[in-house]
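Analysis of the macromolecular model
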Amino acid sequence: MKASPQPLVSIVIPTYNHAHLIGRALDSVLKQTYANWEAIVVDNHSQDGTKAVLDAYRDERIKVLKIHNQGIIAASRNLGIRSAKGEWIAFLDSDDWWESDKLAASIEAAGDEFDMIYHDLRIIRRMEQKSSRHLSRSRALAVRAYDDLVLNGCAMPNSSVVLRKQLLDRTGALSEAVENVGWEDYDMWLRVAANGCRFVRLDHAYGFYWIGSGSVSNPRRTLANIDAFIQAYILTDSAYTAIPWWCHYSRAKSYEELGDVAMADACFKEAWEASRKFSQIVRTAIRWSLFKCRHKRT
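Here is a short report on the structure shown in this document. (Residues numbered from 1 in each chain as written. Predicted model: local features only at pLDDT ≥ 70, side-chain atom pairs only at ≥ 80, totals over all residues. Heavy atoms only, no water.)

Let's shift gears to the overall build of the protein. Helices and strands together make up the secondary structure of the protein, namely 11 helices and 11 strands. Taking 298 residues into account, the globule formula puts the C-alpha radius of gyration at 19 Å, and the protein, at 20 Å, falls close to it. Dimensions of the protein along its principal axes, counting C-alpha atoms only, are 65 × 45 × 35 Å. Each of the 298 residues in the protein was classed as buried or not, and the buried ones make up 51%. With the model as given, the accessible surface of the protein reaches about 15200 Å², and the carbon-plus-sulfur share is 52%. Of the charged side chains in the protein, 39 are positive and 36 negative; the average position of the first set lies 4 Å away from that of the second. (Helix = DSSP H or I, 4+ residues; strand = E, 2+ residues; numbered from the N terminus. Rg over C-alpha atoms; globule rule 2.2 N^0.38 Å. Buried < 20%, exposed > 50% of the residue type's maximum accessible area, 1.4 Å probe, protein only. Areas by Shrake-Rupley, 256 points an atom, 1.4 Å probe, with all protein chains shown as cover. Lys, Arg positive; Asp, Glu negative; His and termini not counted. Charge placed at Lys NZ, Arg CZ, Asp CG, Glu CD.)

This is the structure:
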C-alpha cells in the first residue's frame, strides 16, 4: 500500500532586527529531517540588514512577508497564519532554533489523536554555546487541560508548539490587544483548550531558547499581564473562586525586582496560602526564604 504523504507544516517566524540571529533559526529549519514544510518569515521592517540575510536563502519553501506591527508581535504571527497553506502551524521565534528531528518527532507524536505538540527548550546564553542543561520547561497537562492552564499557568514555550491550523481557524486569531502583549500566546493556548484541543508533551528538548541578547524581564509588564489574565479568566468565571498560586508567586518576584520589599513579602505570603500542591509549597518556601535572607534587616 502506498504511504500517505507527509502533511505540510507552515512555520511562522516573526522577526525584527535579528540579522545576526535569524540565519541560525532558518538553518535549523533547512536541516529538518521532515521535508514537507514552508517557512513564513514576517519581518517588521527591520533596519539592520535582515533583508540581505533573508535574500541569501534561495529555497522556494522560505517566504518573506512585511508588516508594520506597531509593537504587537501577535499581528506578525496572525499574518503568517493567514498566509499559511499547511495543515499544521509551527511557531519559531527568530532568535530560537530547533534540533533536526523536531518536526518529524512532533508530527509522528500527533497522529490522529492530538492537536498540539510541545516540549522543553534548552536555554542558550552565548553565541558559541551548542547545548545546555538548563531548560525552559514545559509541563504535561491534566485531563482537564483548560483548568490546568488557568490554575497553574502557561505550560509550553512558544517556539516548541506545533498546532493544527484547523483548530486555530476555529478558535480565532491571536489577540492583538495592547493589554495582551507579552501573554498573547498563553491566551491562545487557553482559548484552544476551551475549544477542545488535545495536547501532548514530548519528553525531550527538541529546540533552543536564546536569552543571550542581554534582554531583561520587565516586572511592570509582568504585573500588568497578571492583572489582565485575572480580569479575563478569573473574575469573569464563577468556577474560580480565588486567584491562582502562580499569580501571587509571579507578582512577588516582580515586586522584588522593582525594589518593593513590602509588596513582595505580602505576595509571597499570598502565594504560600494559595499553594495547593506539594511542588508549589516547596517552591514558594524556598524562594520566600531566600527573599527574606536577601532583605533581612542588619
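That shown, we press on.
Counting residues in hydrophobic clusters, the biggest one holds 55 residues, and the most contacted among them are Met 116, Leu 149, Met 156, Leu 163, Trp 189, Phe 199 and Phe 229. Counting residues per element, this core draws most heavily on helix α8 (residues 219–234), at seven residues. Setting aside anything within four residues of it in sequence, one finds Phe 229 in contact with Val 150, Trp 183, Tyr 186, Leu 190, Ile 234, Pro 244, Trp 246 and Cys 247. By size, the runner-up hydrophobic cluster in this structure holds 27 residues, among which are Ala 90, Leu 103, Ala 105 and Ile 107. (Core = buried A, V, L, I, M, F, W, Y, C linked by side-chain atoms within 4.5 Å. Contact = heavy atoms within 4.5 Å.)

Time to look at the pairing of strand β11 (residues 207–210). It is a general feature of regular strands that their side chains alternate between the two faces of the sheet. In this structure, strand β5 (residues 97–98) lies alongside β11, joined through two bridges in antiparallel fashion. When the sheet's bridge partners are listed, Trp 97 is paired in β11 with Phe 208. Note that strand β7 (residues 121–124) and β11 share three bridges and pair parallel. Considered in β11, the bridge of Ile 124 is made with Trp 210. (Pairing = 2+ DSSP bridges.)

A word on the sheet that holds strand β8 (residues 135–136). Two orientations exist for strands paired in a sheet by backbone hydrogen bonds: parallel and antiparallel. Pairing within the open sheet is mixed, and its four strands lie in the order β5-β11-β7-β8. The open sheet terminates on both sides in strands that have one partner only, identified here as β5 and β8. Of the pairings in the sheet, the one linking β7 to β8 comprises two bridges and is antiparallel in character. Residue pairing in the sheet places Leu 121 in a bridge with Ser 136 of β8.

Turning next to the pattern of salt bridges. Tallied over the full model, the rule gives 18 salt bridges. In this structure, Arg 191 engages Asp 187 in a salt bridge whose closest nitrogen and oxygen atoms are separated by 3.2 Å. Of this pair, Arg 191 and Asp 187 both sit in helix α7 (residues 184–194), four residues apart, roughly one helical turn. For Arg 191, a relative accessible area of 23% corresponds to the partly exposed category. Residue Glu 273 is joined to Lys 269 by a salt bridge in which the shortest nitrogen-to-oxygen separation is 2.6 Å. Of this pair, Glu 273 and Lys 269 both sit in helix α10 (residues 261–274), four residues apart, which is roughly one turn of the helix. Through salt bridges with shared partners, a single network forms among Glu 87, Asp 115, Arg 164 and Arg 198. (Salt bridge = Lys/Arg side-chain N within 4 Å of Asp/Glu carboxyl O.)

With that settled, consider the packing of aromatic side chains. Tallied over the entire structure, the rule returns 13 aromatic pairs. Arranged with centres 5.8 Å apart and planes meeting at 25 degrees, the rings of Phe 229 and Tyr 233 form a pair that is stacked. One end of the pair, Phe 229, and the other, Tyr 233, are both in helix α8, four residues apart, so they sit about a helical turn from each other. Of the two residues, Phe 229 and Tyr 233, both sit in the buried class. Pairing Phe 229 with Trp 246 gives two aromatic rings, centres 5.0 Å apart and planes at 50 degrees, and the pair type is tilted. Taken together, the residues span a long stretch of sequence, with Phe 229 in helix α8 and Trp 246 in helix α9 (residues 245–257) at a distance of 17 residues. Classification of Trp 246 as buried rests on a relative accessible area of 12%. Through a chain of ring-to-ring contacts, the aromatic side chains of Tyr 146, Trp 183, Tyr 186, Phe 229, Tyr 233 and Trp 246 assemble into a single cluster. (Phe/Tyr/Trp six-rings, centres within 6.5 Å; stacked < 30°, edge-to-face > 60°.)

Let us look at the sheet that holds strand β2 (residues 37–43). If you walk across this open sheet you meet the seven strands as β3-β2-β1-β4-β9-β6-β10, and the pairing is mixed. Sheet topology places β3 (62–66) and β10 (199–201) at the edges, where each strand pairs with a single neighbour. Ignoring which end each strand starts from, the neighbouring axes of this sheet average 20 degrees apart. In this sheet, strand β9 (residues 162–164) lies alongside strand β4 (residues 88–91) in antiparallel orientation, the contact comprising three bridges. Bridging from a neighbouring strand, Ala 90 pairs with Val 162 of β9. Each of β1 (9–15), β2 and β3 touches helix α1 (residues 22–30); the most contacted strand, β2, lies at about 165 degrees to it. Against the sheet, helix α4 (residues 102–110) engages β1, β2, β4, β6 (116–118) and β9, with an angle of about 40 degrees to β9. (Axes fitted to C-alpha atoms, helices over the stretch in contact; angles between N-to-C directions.)

Looking at where Lys 165 falls in the secondary structure, it is placed in helix α6 (residues 165–171). A residue is classified by how much of its surface remains accessible, and Lys 165, at 15% relative accessible area, is buried. Between the alpha carbons of Lys 165 and Ala 90 there is a distance of 9.3 Å; along the sequence they are 75 residues apart. For Lys 165, the contacting residues outside a window of four places in its chain are Ile 81, Ala 84, Gly 86, Glu 87, Trp 88 and Ile 89.

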